[in-house]
Amino acid sequence: SQKIEQNSEALNIQEGKTATLTCNYTNYSPAYLQWYRQDPGRGPVFLLLIRENEKEKRKERLKVTFDTTLKQSLFHITASQPADSATYLCALDMDTGGFKTIFGAGTRLFVKA
Amino acid sequence: EAQVTQNPRYLITVTGKKLTVTCSQNMNHEYMSWYRQDPGLGLRQIYYSMNVEVTDKGDVPEGYKVSRKEKRNFPLILESPSPNQTSLYFCASRTARINTGELFFGEGSRLTVL
């Protein structure tokens, strides 16, 4: 069956360190992959999109990698801050023309001061 | 300000009492979608719409209806709500003209069915 897996356990890191979150998928061939941030009780907010022919994408302190052979994306936050504490969602889009976006369950990140 | 607006934000209702959750976007987006979010299950797509009068089922459409009579609005209808539809619901939209992928979400509607 098709599946998107994100670490269900919360990630706790110290302020200033790099947070690395993992997204693994099976039985998909996505056209692109997205990462969203979600704060408690709020709607997800788009962060980054990476296409299948791109290996890496950066935006300020954020970096995403996409390995279609391993079927894995890594999401990095460098110099993390307590304000980065949130749940981070991985999402895949199939190139079906139907714009069907499928989300992982998310990983909760806690950054301690 | 570009936004997706959902109403109501919070609702407690009883089994069988029909309800509608409204969703409106002001970005002229062709694509709109409804998701429900449950602990440990993430966001699951209920229905989506590619444009006016064009809708299709997502992964969990049972017990829900939608309509897309206008481009800006995409209401979610629960004809006969049941307790297993207690959830946090999100409406989202994006452009279809350029395949950027970015979804814009509303603030969510927390529904409790007793």
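Check the entry above for the structure.
Residues numbered from 1 in each chain as written. Chains lettered and ligands numbered in written order. Predicted model: local features only at pLDDT ≥ 70, side-chain atom pairs only at ≥ 80, totals over all residues. Heavy atoms only, no water.

Participant: I'm lost on the sheet that holds strand β8 (residues 72-77) of chain A in this one. Help?
Facilitator: Two modes of strand pairing occur in sheets, parallel and antiparallel, and in both the strands are linked by backbone hydrogen bonds. Residue and element names in this part refer to chain A. Pairing within the open sheet is antiparallel, and its 5 strands lie in the order β1-β3-β8-β7-β6. Each edge of the open sheet carries a strand with a single partner, namely β1 (3-6) and β6 (56-59). Here the strands of the sheet are splayed against their neighbours by 15° on average, with no regard to which way each runs. Sheet topology places strand β7 (residues 62-67) next to β8; 6 bridges connect them, and they run antiparallel. By the bridge assignment for β8, T65 is matched with L74. (Pairing = 2+ DSSP bridges. Helix = DSSP H or I, 4+ residues; strand = E, 2+ residues; numbered from the N terminus. Axes fitted to C-alpha atoms, helices over the stretch in contact; angles between N-to-C directions.)

Participant: Would you explain the state of the cysteines in this entry?
Facilitator: By definition, a disulfide is the covalent link that joins the sulfur atoms of two cysteine residues. One pass over the full model with this rule turns up 2 disulfides over all chains. The disulfide partner of C23(A) is C90(A), and the S-S distance across this bridge is 2.0 Å. Between C23(A) and C90(A) the disulfide shows an S-S torsion of about -60°. By sign, it is left-handed. Here C23(A), found in strand β3 (residues 19-26), pairs with C90(A), found in strand β9 (residues 86-94); they are 67 residues apart in sequence, far enough to count as distant. Residues C23(A) and C90(A) agree in their burial class; the two are buried. Here C23(B) connects covalently by a disulfide to C91(B), the sulfurs 1.9 Å from one another. Between C23(B) and C91(B) the disulfide shows an S-S torsion of about -75°. By sign, it is left-handed. Remark: C91(B) occurs in strand β9 (residues 87-94) and C23(B) occurs in strand β3 (residues 19-25); sequence separation between them is 68 residues. Judged by its relative accessible area of 0%, C91(B) falls in the buried class. (Disulfide = S-S within 2.5 Å. Buried < 20%, exposed > 50% of the residue type's maximum accessible area, 1.4 Å probe, protein only.)

Participant: How do you make sense of the pairing of β3(A) when you look at a structure like this?
Facilitator: For a regular strand, the rule is simple: side chains alternate between the two faces of the sheet. Residues and elements named next belong to chain A. In β3, alternate side chains face the same way, and those of A19, L21, C23 and Y25 are buried while those of T20, T22, N24 and T26 on the opposite face are not. Relative to β3, β1 runs antiparallel, the two being bridged by 4 bridges. Each residue of the ladder has a partner; that of E5, found in β3, is N24. Summarising the sheet, β3 and β8 pair through 6 bridges and their orientation is antiparallel. Directly across from L21, in β8, lies its bridge partner F75.

Participant: Any chance you could explain the interface of chain A and chain B here in plain terms?
Facilitator: Note: interface size is frequently given as the accessible area lost on complex formation between the parts. With 21 residues of chain A at the interface, the matching set in chain B holds 24 residues. Here chain A and chain B share an interface that buries about 1800 Å² over both sides, 49% of which is from carbon and sulfur atoms. Run the count over chain A and chain B and you get 2 salt bridges. With a shortest N-O distance of 2.6 Å, R42(A) and E107(B) are connected by a salt bridge. The interface formed by chain A and chain B contains 6 residue pairs in polar contact (both at pLDDT 80 or more). Mapped onto the side of chain A that touches chain B, the elements with two or more residues apiece are β4 (30-38), β5 (45-51), β9 and β10 (101-103) of chain A. (Contact = heavy atoms within 4.5 Å. Buried area = accessible area lost by both parts, 1.4 Å probe. Salt bridge = Lys/Arg side-chain N within 4 Å of Asp/Glu carboxyl O. Polar contact = N/O pair within 3.5 Å; in protein donor to acceptor, adjacent residues only side chain to side chain.)

Structural measurements only, silent on function.
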